[in-house]
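Given next are the chains, with one letter for each unit.
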Amino acid sequence: MTDFITVTFTVATFASGVRLATPYLLAALGETLGQRSGVLNLGVDGVMLLGAFFSYWAVLQTDSIAVGLLVGIGVGLLLGVVYAAVTVVFRAEQGISGIGIFLFGLGMSALLFEEWVGTPQPISSFDKLAIPLLSDIPKIGDMFFNHNLLVYVSMLLVPGLTLLVNRTTFGLNVRAVGETPEAADSLGVSVARTRAICILAGNGLAGLAGAALAIEIGIFQHNLTNQIGFIAIALVYFGAWRPTGVVAGSLLYGLVTSTVNQWKTAGLVTGAASSFTTMAPALLTIVALVVIARRTAAQPAALTLPFVRGH
Amino acid sequence: MASSTRSRPRRATLARIGGISVGGSAVILALLIGAAMILGLGANPLDGYQELLKGAFGGTEELAESAAKAMPLLFVGTGICVAFRAKVINIGGEGQIIAGGLLSTMTALAVPDLPAIVLIPLVLFMGLVGGAVWGGIPGALKAYLGVNEILSTIMLNLVAVQLFNYLLRAPLMDPRQIELGTRIPQTRRLSENADLPILIEGTRFHLGVVVALLAAAVAWFFLWRTTTGYRVRAVGASAPAARYAGMPVKRMTMLALTISGSLGGLAGACLVFGSETHRLQTEGFATGFTGSAGFNGIVAALFGGLHPLFTIPSSFLFGGLLVGANAMQRAIQIPVDLVIGLNGLIVVFVVSSNTLRERLSRYMSIAGEAAEHDEAGARRVPAADEAGPPEPADASASDGADGPVRTLESEP
């Protein structure tokens with residue numbers, strides 16, 4: 001039993017969990033911004049897949065992780081333009097059009113991988129960037145302050161996004177547009193422009209999340225994300241539309257994943273039984289959804305509602 | 001007004017043609033983009049599409065194969081139609097297919113010796129039950145606890161996939177695989193008494209296809225010819241109005257998702273017992289079993305105007321595309337994934353064209369406006385109720401918040 005505990009809760013497992021949480025966190029923070037402005041984007045997983053593929057491919061060509069990350073963001077922004085056109089200009093049903101984007105990303109990423117790469121080749125992964133002094137703290141240092149740059153960036157985005165939404169004029173506009181677009185519109189705030197900016201930023205982050213995933217794993221394959229994008233959307237609800245709640249959910253998923261991996265390598269559970277551990281966060285998310293559903297005030301009132309002036 | 005009598009029927013015809021042409025142009029536009037991509041990848045799109053068409057619809061065998069591939073799309077698509085009429089979005093098709101496949105497989109493993117006449121209906125029924133449970137859970141959560149069904153169905157997909165992985169790797173695994181140590185995650189060959197009979201000799205056209213066609217017809221009958229179906233649609237059109245009229249809104253919401261799920265479950269059972277290997281297997285991941293039908297069924301339903309009967313040809317078209325894509329891959333080495341990507345584009349185009357259609361119909365209604373004032377809608381209301389989905393005209397009561405359910409309505 002003591003073995004079980006020491007293997008489970010090692011510093012290394014925790015650190016790996018923090019790293020694995022990064023793609024969830026980036027994608028979920030992007031989705032949070034979009035949803036605060038009233039737009040549900042169910043296409044996150046597709047955006048992540050395309051971001052992951054193109055950044056993998058870029059790293060394969062240039063051997064530069066920086067280029068890979070930028071390509072990931074670029075792909076996300078491009079798909080953001082499409083999604084903004086679909087939902088803001090054409091005011092399409094958001095739940096369904098997101099599924100369209102997902103299928104597009106799922107098919108196209110697999111197609112291009114087959115055509116351009118074929119046999120999987122590993123790419124170089126992130127370099128660690130230990131934060132001076134802080135990383136020297138025993139245990140805590142390795143858990144939180146000895147990661148790659150993207151982990152820090154995603155963590156800094158949490159207070160960053162909180163400040164942006166709660167303390168800036170733009171954030172006020174975002175919230176206004178997400179709660180009562182009619183009132184925002186009557187005060188001269190452009191609902192379309194505000195939502196488009198949030199969609200672009202959200203998709204850019206989703207593309208970056210895909211890039212982070214591909215570079216962290218060091219390989220691309222068919223359906224690499226395995227529904228991480230969909231989980232990220234659920235994490236927004238899980239976190240009650242607050243970045244601090246979202247980071248908690250992301251860490252939960254990251255830690256469960258790293259723990260399962262740890263158990264598997266230590267031979268504590270069979271491959272088959274590990275399914276139940278992998279299933280646990282999904283069940284927990286359903287419970288969280290039930291709890292959140294009771295607090296309807298937390299949800300942006302205009303979520304999924306297209307805005308038509310004069311209605 | 002002299003022109004009013006003439007403009008009304010003309011407007012209806014125009015709207016109908018408009019509806020079909022929007023879907024058609026979405027497919028054509030997607031195929032054009034696909035052609036550009038094939039060209040960009042250094043192959044000949046004309047050759048590719050020719051092979052695709054031949055592979056999908058070129059002969060009896062191909063047509064039967066397309067029908068078999070369309071079967072799960074039709075089941076899931078019909079379920080999507082039912083859910084959508086109650087304004088519920090069911091993204092859980094994948095999980096529901098898996099649940100149905102698992103429960104029916106376990107049934108066939110438990111009582112393999114029952115005669116075919118009993119066992120086949122039994123496994124189909126158990127598939128239905130499995131899907132109904134997997135759809136009923138998010139249905140109950142939405143109806144009674146207000147949980148967003150999009151998210152709960154997505155989460156239940158993940159749970160189903162893990163359950164599937166576990167069961168196939170441990171209790172349900174083929175004993176031969178354990179003996180040989182190869183441990184391929186698949187069941188033993190299931191009881192022959194449960195094989196869905198092939199209806200056209202030498203093809204893949206099995207009983208499941210007919211069951212799917214029946215399911216679509218029954219769904220249509222249910223929605224537009226029964227009181228409960230009427231209530232489901234009323235709840236979808238306006239929950240407050242339905243509540244005011246004394247309808248059990250919550251029960252209807254749950255029912256719609258349960259029916260939707262049970263159709264997915266039937267698809268799962270038919271996939272198992274209509275398969276060539278007659279076993280439940282993964283081919284690497286759970287999508288190998290479902291073939292992403294849980295998502296592609298949404299495409300088929302959307303393309304069929306969210307109407308069960310129109311989903312039949314629509315499913316056949318998309319089933320054919322998926323089958324033809326294999327022929328295309330053999331001929332010009334473009335992976336089948338292209339078609340999945342194009343399906344996504346078709347979805348995006350179809351839902352985006354709603355605004356366009358609204359503008360089109362508004363433009364056309366200017367001519368008929370005077371007529372509407374004269375006849376005061378008296379002709380419209382019964383027409384909407386007797387023959388299918390409410391026409392866009394009577395839908396303006398609540399404002400444009402609920403997308404395709406209303407705007408994609410196809411005229412029966």
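In the block above lies the structure referred to throughout.
Residues numbered from 1 in each chain as written. Chains lettered and ligands numbered in written order. Predicted model: local features only at pLDDT ≥ 70, side-chain atom pairs only at ≥ 80, totals over all residues. Heavy atoms only, no water.

K.L.:
When you look at the overall build of chain B in this model, what are you seeing that I'm missing?
P.N.:
Helix and strand content of chain B: 17 helices and zero strands. Sequence separation of 24 or more characterises 75% of the internal contacts of chain B that already satisfy a separation of 6 or more. Total accessible area computed for chain B in this model is approximately 17000 Å², and 63% of it derives from carbon and sulfur atoms. (Helix = DSSP H or I, 4+ residues; strand = E, 2+ residues; numbered from the N terminus. Contact = heavy atoms within 4.5 Å. Areas by Shrake-Rupley, 256 points an atom, 1.4 Å probe, with all protein chains shown as cover.)

K.L.:
Sorry if this is basic, but what is going on with the nonpolar core here?
P.N.:
In a soluble, globular protein the nonpolar side chains are often hidden away together inside. Among the nonpolar cores identified, the biggest contains 170 residues, and B:Phe75, B:Ile91, B:Met155 and B:Ile334 are the most heavily contacted of them. Tallying contributions element by element places helix α5 (residues 94-117) of chain A first for this core, with twelve residues. When sequence neighbours within four positions are dropped, the list of residues in contact with B:Ile334 reads A:Leu111, A:Glu115, B:Ile38, B:Leu41, B:Ala43, B:Met328 and B:Gln329. (Core = buried A, V, L, I, M, F, W, Y, C linked by side-chain atoms within 4.5 Å. Buried < 20%, exposed > 50% of the residue type's maximum accessible area, 1.4 Å probe, protein only.)

K.L.:
Any chance you could explain the packing of aromatic side chains here in plain terms?
P.N.:
Two aromatic rings are characterised by how far apart their centres lie and by the angle between their planes. Across all of its chains, the model carries 18 aromatic pairs over all chains by this definition. With a centroid separation of 6.5 Å and 85° between ring planes, the pair formed by A:Phe53 and A:Phe113 is classed as edge-to-face. Of this pair, A:Phe53 sits in helix α3 (residues 44-62) while A:Phe113 sits in helix α5, and the two are 60 residues apart along the sequence. As far as burial versus exposure is concerned, A:Phe53 and A:Phe113 are alike and both buried. Both rings, one in B:Phe164 and one in B:Phe289, keep their centres 5.6 Å apart while their planes meet at 20°; by these two values the pair is stacked. On the criterion of sequence distance, the pair formed by B:Phe164 in helix α6 (residues 149-169) and B:Phe289 in helix α12 (residues 287-290) is long-range, its members being 125 residues apart. The exposure classification of B:Phe164 matches that of B:Phe289, with both residues buried. (Phe/Tyr/Trp six-rings, centres within 6.5 Å; stacked < 30°, edge-to-face > 60°.)

K.L.:
I keep staring at unusual backbone geometry and nothing clicks. Help me out?
P.N.:
For residues besides glycine, phi is generally negative; the peptide bonds are generally trans as well. Even without being glycine, A:Gln227 reaches a positive phi, approximately 75°. As for its position among the elements, A:Gln227 is in the loop between α10 (191-217) and α11 (228-238). According to the relative accessible area criterion, A:Gln227 is buried, its value standing at 14%. Despite not being glycine, B:Lys87 shows a phi value in the positive range, around 60°. Overall, B:Lys87 belongs to the partly exposed group, its relative accessible area being 36%.

K.L.:
Sorry if this is basic, but what is going on with the interface of chain B and chain A here?
P.N.:
Interface extent is often summarised as the accessible area lost during association of the parts. Between chain B and chain A, the residue contacts involve 52 residues of the former and 49 residues of the latter. Roughly 4400 Å² of surface becomes buried between chain B and chain A when both sides are summed, with 80% attributable to carbon and sulfur atoms. Contact with chain A buries area across many residues of chain B, yet B:Leu151, B:Met155 and B:Phe295 alone supply 13% of it, more than any other trio. Joining chain B to chain A, the criterion identifies zero salt bridges. The interface formed by chain B and chain A holds one residue pair in polar contact (both at pLDDT 80 or more) in total. Elements supplying a minimum of two residues to the side of chain B that touches chain A: α5 (116-145), α6, α13 (293-303), α15 (337-375) and α17 (403-407) of chain B. In terms of residues, the side of chain B that touches chain A owes the most to one element, α6(B), which gives 13 residues. (Buried area = accessible area lost by both parts, 1.4 Å probe. Salt bridge = Lys/Arg side-chain N within 4 Å of Asp/Glu carboxyl O. Polar contact = N/O pair within 3.5 Å; in protein donor to acceptor, adjacent residues only side chain to side chain.)

K.L.:
How do you make sense of the environment of B:Tyr166 when you look at a structure like this?
P.N.:
In this fold, B:Tyr166 is placed in helix α6. Considered as a pair, B:Tyr166 and B:Gly229 are 63 residues apart in the sequence and their alpha carbons are 38 Å apart. Leaving out residues up to four positions away in the same chain, B:Tyr166 has contacts with A:Ala272, A:Ala273, A:Ser275, A:Phe276 and B:Pro171.

K.L.:
I keep staring at the packing of α13(B) against helix α14 (residues 308-332) of chain B and nothing clicks. Help me out?
P.N.:
Pairs of packed helices are described in terms of their axes, by the angle between the two and the distance that separates them. Residue and element names in this part refer to chain B. Contact geometry for α13 and α14: axes closest at 8 Å, N-to-C directions at 135°. Here α14 runs oblique to α13, going by the angle between their axes. Crossing of α13 over α14 shows right-handed handedness. Judged by residue contacts, Asn296, Val299, Ala300, Ala301 and Phe303 of α13 engage Thr311, Ser314, Ser315, Leu317, Phe318 and Leu322 from α14. (Axes fitted to C-alpha atoms, helices over the stretch in contact; angles between N-to-C directions. Parallel < 35°, antiparallel > 145°, perpendicular 65-115°, else oblique. Left-handed = near helix turned anticlockwise from the far one by under 90°.)

K.L.:
What is the right way to look at the pattern of salt bridges in this model?
P.N.:
Opposite charge on two side chains lets them pair, provided their charged atoms get close. All names here are of chain B. Tallied over the full model, the rule gives six salt bridges over all chains. In this structure, the salt-bridge partner of Arg204 is Glu276, at a minimum N-O distance of 3.9 Å. In this pair, Arg204 is assigned in the loop between α7 (175-180) and α8 (207-225) and Glu276 in the loop between α11 (249-273) and α12, connecting sequence segments 72 residues apart.

K.L.:
For this particular structure, what's the right way to read the side chain of A:Ser37?
P.N.:
Residues and elements named next belong to chain A. With respect to the element layout, Ser37 can be found in the loop between α2 (11-36) and α3. Given the relative accessible area of 0%, Ser37 is considered buried. Polar contacts involving the side chain of Ser37 include one to the main-chain carbonyl oxygen of Gly34, which spans 2.8 Å. When sequence neighbours within four positions are dropped, the list of residues in contact with Ser37 reads Val174, Val177, Gly178, Arg195 and Cys198.

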